[in-house]
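Reading the structure
Okay, here's what each chain looks like letter by letter:
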Amino acid sequence: MKSPAQYLAPHVFEARRPRRELQPVVSHADALRAVEQALADAEKYKYLLMRALRRHADETAATTQPNLRETPVLPMYPEGLPLAA
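Residues numbered from 1 in each chain as written. Predicted model: local features only at pLDDT ≥ 70, side-chain atom pairs only at ≥ 80, totals over all residues. Heavy atoms only, no water.

1. Overview of the pattern of salt bridges
Pairing between side chains becomes possible if they bear opposite charge and their charged atoms approach one another. Summed over all chains, the structure comprises one salt bridge. Here R33 and D30 are joined by a salt bridge, their closest N and O atoms 2.8 Å apart. On the criterion of helical spacing, the pair formed by R33 and D30 is a turn pair, its members being three residues apart in helix 2 (residues 28–63). (Salt bridge = Lys/Arg side-chain N within 4 Å of Asp/Glu carboxyl O. Helix = DSSP H or I, 4+ residues; strand = E, 2+ residues; numbered from the N terminus.)

Written as structure tokens, this is what we have:
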């Protein structure tokens, strides 16, 4: 996944403000295009992640079938003991 600077890198140019050094600048339209591209990539990564999670859930559900045999339930205390008051 790209960092935010990688989306803006092709659109940066340098401009000089009066009596100052060159500063990196991005136009508003280029910034909007970079944000739209980042959102589109995020949707793609979200789709791929959800597909992988579904596939993993399907694989684990297929391998972990519940035990269908009933196990006997034994009493915790022997019968015949007086009940606590």
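2. Some thoughts on the environment of S27
Positionally, S27 belongs in the loop between strand 2 (22–25) and helix 2. When the C-alpha positions of S27 and H11 are compared, they lie 7.7 Å apart, and in sequence the two are 16 residues distant.

3. Describing a nonpolar patch on the surface
A cluster of nonpolar residues, Y45, Y47 and L48, forms a patch on the protein surface that exposes about 290 Å² of accessible area. On the secondary structure map, Y45 appears in helix 2. Classification of Y45 by relative accessible area gives partly exposed; the value is 33%. (Patch = residues over 30% accessible without salt bridge, like charges linked within 9 Å, V, L, I, M, F, W, Y side chains within 5 Å. Areas by Shrake-Rupley, 256 points an atom, 1.4 Å probe, with all protein chains shown as cover. Buried < 20%, exposed > 50% of the residue type's maximum accessible area, 1.4 Å probe, protein only.)

Purely geometric stuff here, so don't read any function into it on its own.
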